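Overview (structure and organization)
So the chains spell out like this:
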Amino acid sequence: MTDATPNNAPLTYDQAGVNYDLIDPLKVAAQRAAAETGAHLASHGFSEVLASRGESAYVVDVGPMYLASIVECLGTKTLVADEMALLTGKSYYDGIAQDTIAMAVNDLITVGATPLVVQAYWAAGGSDWFGDKVRANALVAGWKRACQVSNVAWGGGETPALAGIVADGRVDLAASCTGIISPKTRLSVGDKLGAGDAIVFLAASGIHANGLSLARKLAERLPQGYLTDIGNGQTYGEALLAPTTLYSPVTEALAKEGIFPHYCANVTGHGWRKLLRHPKQLTYRITAVPPKTAILAFMQKECGLDDHEAYGTLNMGAGFALYVAADQAQRVVDIAKAQGIDAMVAGRVEDGPKQVVIEPLGVTYGAEELQLR
């Protein structure tokens with residue numbers, strides 16, 4: 001391993017080519033334009049749930065239930081899988097398939113939805129990409145298995161060959177997911193979120209599918225690149241490719257027990273700053289942090305990131321956050337563990353300025369550090 005030195009300066013997400021200060025204003029502008037189209041639903045006899053604007057999934061009131069939908073792109077994790085295939089001769093696309101579905105499913109469930117249908121978008125740099133039978137079969141098998149874990153139907157998809165748009169030998173993966181919120185009392189858009197709620201974290205399996213631009217940049221300066229041992233017997237590449245946890249079994253199990261979160265946050269881009277997603281003026285006080293997965297502890301050290309940068313970029317062991325009534329928090333933990341996903345009561349919601357305060361680390365994120373609406 002190497003340490004951050006003057007010749008190996010700290011490596012941030014911004015330096016890896018991802019600058020949310022440039023990306024987020026476009027998101028806000030798009031949301032404002034999109035909001036002007038919501039009135040069209042009335043001509044079909046439906047209406048939007050206005051509070052879902054700016055949330056991780058969009059919700060429409062269709063009468064007896066709500067309809068929720070989302071589309072998500074995987075990002076650059078495929079590039080790590082491709083490099084590792086060259087180095088090891090193995091295909092990692094079964095796990096990549098789960099990553100892609102998780103990006104959509106884990107967003108959809110934040111609003112209280114039961115995922116029903118997943119659609120695939122696999123855009124390759126040329127037709128030859130689909131000719132690698134081992135890789136293609138792994139993608140299909142992994143996609144099917146992730147659908148089975150999430151208890152969703154795979155409805156179909158699109159497989160364009162986009163030479164000149166997607167790089168030769170590469171693939172751009174995305175998934176859309178549609179679900180229902182039934183009964184309507186399952187809707188979770190933060191209207192019940194308030195002081196006194198407990199914050200429960202569901203454990204992450206690794207880096208998931210966010211922060212890969214930073215991870216790839218780090219690989220360039222590791223002594224053995226993706227084959228560098230991270231200290232637990234795993235190579236850097238193997239650890240990065242751990243599939244993203246699918247959290248819908250937990251939210252479905254909670255619903256069966258009559259537990260409906262007041263709010264949820266999928267901890268993806270923006271790291272723990274994502275805990276600030278709801279516009280209410282509330283303080284999210286974190287009093288206990290989960291153990292870092294080995295890959296994220298390694299990345300923080302090798303990138304030379306302080307806690308403010310690391311926890312504001314990566315999931316750091318917390319893949320999903322549930323804001324629940326305080327008297328239900330331990331039950332939520334127990335139900336998650338029964339589904340095979342570790343969980344912990346991490347903190348509480350308080351009246352106060354809009355901020356995340358991570359007490360054990362002395363780190364605070366203010367409202368200005370997450371502008372998504």
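The sections below set out a description of the structure shown in this document. Bear in mind the structure is a predicted one, so any value in this text is a computation, not a measurement. Just so you know, the residues in each chain are numbered from 1, in the order the chain's sequence is written. Owing to the predicted nature of the model, reporting of local features is limited to residues with pLDDT of at least 70; listing and counting of side-chain atom pairs is limited to 80 or more, with chain, interface and lining totals taken over all residues. Values shown for side chains rest on all heavy atoms present in the structure; no hydrogens or waters enter the calculation.

**Regarding the packing of helix 3 (residues 93–108) against helix 4 (residues 133–150)**
Comment: axis = line fitted to C-alpha atoms, over the contacting stretch for helices; angle = value between 0 and 180 degrees taken between N-to-C directions. The helix and strand labels rest on DSSP assignments: H or I over at least four residues marks a helix, E over at least two residues marks a strand, and numbering proceeds from the N terminus. It is the contact of helix 3 with helix 4, at a shortest axis distance of 7 Å, that shows an interaxial angle of 40°. Judged by the angle between their axes, helix 3 and helix 4 are oblique. Note that helix 3 runs across helix 4; the crossing there is right-handed. Of the residues in helix 4, those in contact with Tyr-93, Asp-94, Ala-97, Gln-98, Thr-100, Ile-101 and Val-105 of helix 3 are Arg-135, Ala-138, Leu-139, Gly-142, Trp-143, Arg-145, Ala-146, Cys-147 and Ser-150. Angles are sorted into four bins: roughly parallel if under 35 degrees, roughly antiparallel if over 145, roughly perpendicular if 65 to 115, and oblique for all others. If you view the pair so one helix is near and one far, a crossing is left-handed when the near helix is turned anticlockwise from the far one by less than a right angle, and right-handed when it is turned clockwise. We call two residues in contact whenever any of their non-hydrogen atoms come within 4.5 Å of each other.

**Details of empty space enclosed by the protein**
In this analysis, the protein atoms alone were mapped onto a 1 Å grid. Cavities are point sets where a 1.4 Å probe fits without being able to get out; pockets are open sets with protein on both sides within 12 Å along at least five of seven lines; lining residues have an atom within 4 Å of a point. Grid points are joined across faces, edges and corners, and a volume is the space filled by probe spheres set on the points. Applying the stated criterion to the full structure yields 2 cavities of 30 Å³ or more. Approximately 80 Å³ is the volume attributed to the largest cavity. Forming the boundary of the largest cavity are Ile-109, Gly-112, Arg-186, Ser-188, Thr-251, Leu-254, Ala-255, Ile-259, Phe-260, Pro-261 and Cys-264. Looking at which element gives the most residues to the lining of the largest cavity, the answer is helix 7 (residues 248–256), with 3 residues. Across the lining of the largest cavity, the residue classes tally to 7 nonpolar, 3 polar and 1 charged. Taken as a whole, the second largest cavity spans an internal volume of roughly 40 Å³. In this count, Pro and Cys sit with the nonpolar residues alongside Ala, Val, Leu, Ile, Met, Phe, Trp and Tyr, while Asp, Glu, Lys and Arg are called charged and the others, Gly among them, polar.

**Remarks on the packing of helix 2 (residues 77–88) against helix 3**
Running from N to C, helix 2 and helix 3 point in directions that differ by 175°, and their axes come no closer than 10 Å. As summarised for this structure, helix 2 and helix 3 are arranged roughly antiparallel, according to the angle between their axes. Together, Lys-77, Thr-78, Ala-81 and Asp-82 of helix 2 and Tyr-93, Ile-96 and Asp-99 of helix 3 make up the contact between the two elements. Taken together, the residues of the contact of helix 2 with helix 3 break down into 3 nonpolar, 1 polar and 3 charged.

**What about the sheet that holds strand 9 (residues 282–286)?**
Whether two strands pair depends on DSSP finding at least two bridges between them. One open sheet accounts for 7 strands, arranged 8-10-7-11-9-12-13; its pairing is mixed. Two strands bound the open sheet, and with one partner strand each, they are strand 8 (263–266) and strand 13 (363–366). The average angle at which neighbouring strand axes cross in this sheet is 20°, direction not considered.

**With respect to the sheet that holds strand 1 (residues 47–48)**
As summarised here, the arrangement of the 6 strands in space is 1-2-3-6-4-5, forming an open sheet in which the pairing is mixed. On the outer flanks of this sheet lie strand 1 and strand 5 (153–158), each paired with one strand and no other. Taken together, the 8 bridges between strand 3 (residues 66–73) and strand 6 (residues 171–181) define a ladder with antiparallel strand orientation. Note on strand 6: the bridge partner recorded for Val-71 is Ser-176.

**A few points about the pattern of salt bridges**
Note on definitions: salt bridges are taken to be side-chain nitrogens of Lys or Arg within 4 Å of carboxyl oxygens of Asp or Glu. Following the criterion strictly, the structure yields 14 salt bridges and no others. Between Asp-82 and Arg-170 there is a salt bridge, and its shortest N-O distance comes to 3.0 Å. Pair noted here: Asp-82 is in helix 2 and Arg-170 is in the loop between strand 5 and strand 6, with a separation of 88 residues, a long-range link. A relative accessible area of 26% places Arg-170 in the partly exposed class. Asp-94 is the salt-bridge partner of Arg-145, the closest N and O atoms lying 3.9 Å from each other. Remark: Asp-94 occurs in helix 3 and Arg-145 occurs in helix 4; sequence separation between them is 51 residues. Think of it in three bands: with a 1.4 Å probe and only protein chains considered, a residue is buried below 20% of the maximum accessible area for its type, exposed above 50%, and partly exposed in between. For Arg-145, a relative accessible area of 39% puts it in the partly exposed group. What makes Asp-94 partly exposed here is its relative accessible area of 31%.

**A short note on unusual backbone geometry**
Note the cis peptide between Ser-182 and Pro-183, where omega equals 5°. In the Ramachandran plot, Asn-151 falls in the positive-phi region, its phi being about 60° despite a non-glycine side chain. Within the element layout of this structure, Asn-151 appears in the loop between helix 4 and strand 5. At Met-316, a residue that is not glycine, the phi angle is positive and equals roughly 50°. Along the chain, the position of Met-316 falls in the loop between helix 9 (307–311) and strand 10 (318–324). When its relative accessible area of 0% is taken as the criterion, Met-316 is described as buried.

**Digging into helix 2**
Compared with the 16 Å implied by 1.5 Å per residue over 12 residues, the 17 Å span of helix 2 between its first and last C-alpha is a close match. Those residues of helix 2 lying buried are Lys-77, Thr-78, Val-80, Ala-81, Asp-82 and Met-84. Elements that come into contact with the buried residues of helix 2 comprise helix 3, helix 4, strand 6, helix 5 (212–219) and helix 6 (236–240). Immediately downstream of helix 2, the backbone of Gly-89 shows phi near 80°, a positive value. By this rule the span expected of a helix is its residue count minus one, scaled by 1.5 Å.

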